[in-house]
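Read off the chains here:
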Amino acid sequence: MRVDLNCDLGESFGPYTLGDDRGVMGCITSANVACGAHAGDPGVMRSTVRLALEAGVAVGAHPGFGDRAGFGRREIAMAPREVEDLVLVQIGALAAVAGAEGGRLRHVKAHGALYNMAARNPELADAIARATASVDPGLILFGLSGSALIDAGRAAGLPVASEVFADRAYTAAGALAPRGEPGAVIHDADRVLERALGMVRDGAVTAVTGESVALAADTICVHGDTPGAAELARRLRAGLEAAGVDVRPVGAG
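Fair warning: this is a prediction, and the values are worked out from it, not measured in the lab. (Residues numbered from 1 in each chain as written. Predicted model: local features only at pLDDT ≥ 70, side-chain atom pairs only at ≥ 80, totals over all residues. Heavy atoms only, no water.)

Draft legend 1. Summary view of the overall build of the chain. Across its full length, the chain holds 8 helices and 10 strands. Relative to its length of 253 residues, the chain is compact, with a C-alpha radius of gyration of 16 Å against a globular reference of 18 Å. When the backbone C-alpha atoms are referred to their principal axes, the chain occupies close to 40 × 35 × 35 Å. Burial status across the chain gives 53% buried among its 253 residues. In the chain, once contacts between residues fewer than 6 apart in sequence are set aside, the share between residues at least 24 apart is 71%. Split by element, the accessible area of the chain, about 10300 Å² in all, is 52% carbon and sulfur. For the chain, the distance from the average site of its 23 positive side-chain charges to the average site of its 30 negative ones is 3 Å. (Helix = DSSP H or I, 4+ residues; strand = E, 2+ residues; numbered from the N terminus. Rg over C-alpha atoms; globule rule 2.2 N^0.38 Å. Buried < 20%, exposed > 50% of the residue type's maximum accessible area, 1.4 Å probe, protein only. Contact = heavy atoms within 4.5 Å. Areas by Shrake-Rupley, 256 points an atom, 1.4 Å probe, with all protein chains shown as cover. Lys, Arg positive; Asp, Glu negative; His and termini not counted. Charge placed at Lys NZ, Arg CZ, Asp CG, Glu CD.)

Dropping the structure here:
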């Protein structure tokens, strides 16, 4: 059994600090770095990339809608070509930052509303895949397990990673339950670990309505803006490894 542990990081801005990036970084294997649209700024991007490289953590771009007030979690109607351009510019910017720090990008994971919209909309998923492939066809495209993002990545010739969320509730259709619904975000560390182990070992998770939902778990997300994220990531990694799961970046030998 093998899985990657990823986290959305680099979401601070100017004098405002969001999340415990340094604390989380020591527990994960892949960092999804905000690219200055939904969160982050050039200085934060560079310092987060540097921190990841120092920790031996794989660096990925985390492009989202340019909606700081909504933290990229509000749906915005955009044409596929507009989404492609939006994502291309953000990936390119972080690729340049990574190169300046002596590293390189390993993956791309869309953020928030953009991620969820593309998971169910093949045209938006294709736009994200095209943008990713145009920067580097070797980049790994992260997408919700069983979603249009995974199909689009494969169609574009990209390596893909099916992502699961141990700290989020699922619907019977395999989508993430909307954040506004009660119980959509799971904070109990023991329950998160139990769900993660079930995802990796059994390839399944229990939906909010009781059904067993089949999924593939190449990478597990921990949300960096969740209170206590560093401790949750630590317990999750320790629990996975204690259960015999090899925790390493996607694509690592």
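Draft legend 2. How the structure looks around helix H5 (residues 122-135). Look at H5: 20 Å from first C-alpha to last across 14 residues, which is about the 20 Å you get at 1.5 Å a residue. By the burial criterion, the buried members of H5 are Leu-124, Ala-125, Ala-127, Ile-128, Ala-129, Ala-131 and Thr-132. Elements that come into contact with the buried residues of H5 comprise helix H3 (80-100), strand E4 (105-108), helix H4 (112-120), strand E5 (140-144) and helix H6 (148-155). Put simply, Asn-121 is the residue that caps the front of H5, since its side-chain oxygen is 2.9 Å from the backbone nitrogen of Glu-123. (Expected span 1.5 Å × (residues − 1). Polar contact = N/O pair within 3.5 Å; in protein donor to acceptor, adjacent residues only side chain to side chain.)

Draft legend 3. The arrangement of helix H2 (residues 42-55) in detail. A rise of 1.5 Å per residue sets the reference length of H2, with its 14 residues, at 20 Å; its end C-alpha atoms lie 20 Å apart and thus fit the reference within 8%. Regarding H2, the residues found buried are Val-44, Met-45, Thr-48, Val-49, Leu-51 and Ala-52. One face of H2 carries all of its buried residues, which in axial projection span an arc of 160°. Seen from the open side of H2, the exposed residues pointing more than 90 degrees away from its buried face are Pro-42 and Glu-54. Turning to H2, the residues buried within the fold contact strand E1 (2-9), helix H1 (21-25), strand E2 (30-34), strand E3 (58-62) and H3. Trailing H2 by a residue or two, Gly-56 shows a phi angle of about 75°, which is positive. (Arc of directions from axis to C-beta.)

Draft legend 4. Structural view of the packing of aromatic side chains. Summed over all chains, the structure comprises 1 aromatic pair. Ring centres 5.9 Å apart and planes at 80° place the aromatic pair Tyr-115 and Phe-165 in the edge-to-face group. Of this pair, Tyr-115 sits in helix H4 while Phe-165 sits in strand E6 (residues 160-165), placing them 50 residues apart in sequence. Its end group placed over the ring of Tyr-115, Lys-109 keeps NZ or CZ at 5.9 Å from the ring centre. (Phe/Tyr/Trp six-rings, centres within 6.5 Å; stacked < 30°, edge-to-face > 60°. Lys NZ or Arg CZ within 6 Å of the ring centre and 35° of its normal.)

Draft legend 5. Spotlight on the pattern of salt bridges. For the coordinates displayed, the defined rule picks out 12 salt bridges. A salt bridge links Arg-50 to Glu-101; the nearest nitrogen and oxygen atoms lie 3.0 Å apart. Here Arg-50 is found in helix H2, whereas its partner Glu-101 is found in the loop between H3 and E4, with 51 residues between them in sequence. On the basis of relative accessible area, Arg-50 is assigned to the partly exposed category, the value being 36%. Look at the salt bridges and you will find they share partners, linking Asp-8, Lys-109 and Glu-163 into a network. (Salt bridge = Lys/Arg side-chain N within 4 Å of Asp/Glu carboxyl O.)

Draft legend 6. Geometry of the side chain of Arg-168. Looking at where Arg-168 falls in the secondary structure, it is placed in the loop between E6 and helix H7 (189-202). Lacking a salt bridge, the buried Arg-168 has Asp-167 as its closest oppositely charged neighbour, with an N-O distance of 5.9 Å. Separated by 3.1 Å, the side chain of Arg-168 and the backbone oxygen of Ala-184 make a polar contact. If we skip the residues at most four places from it in the chain, Arg-168 touches Leu-176, Ala-177, Pro-178, Arg-179, Ala-184, Val-185, Ile-186, Arg-195 and His-223.

As far as function goes, none of this settles anything; it's purely spatial.
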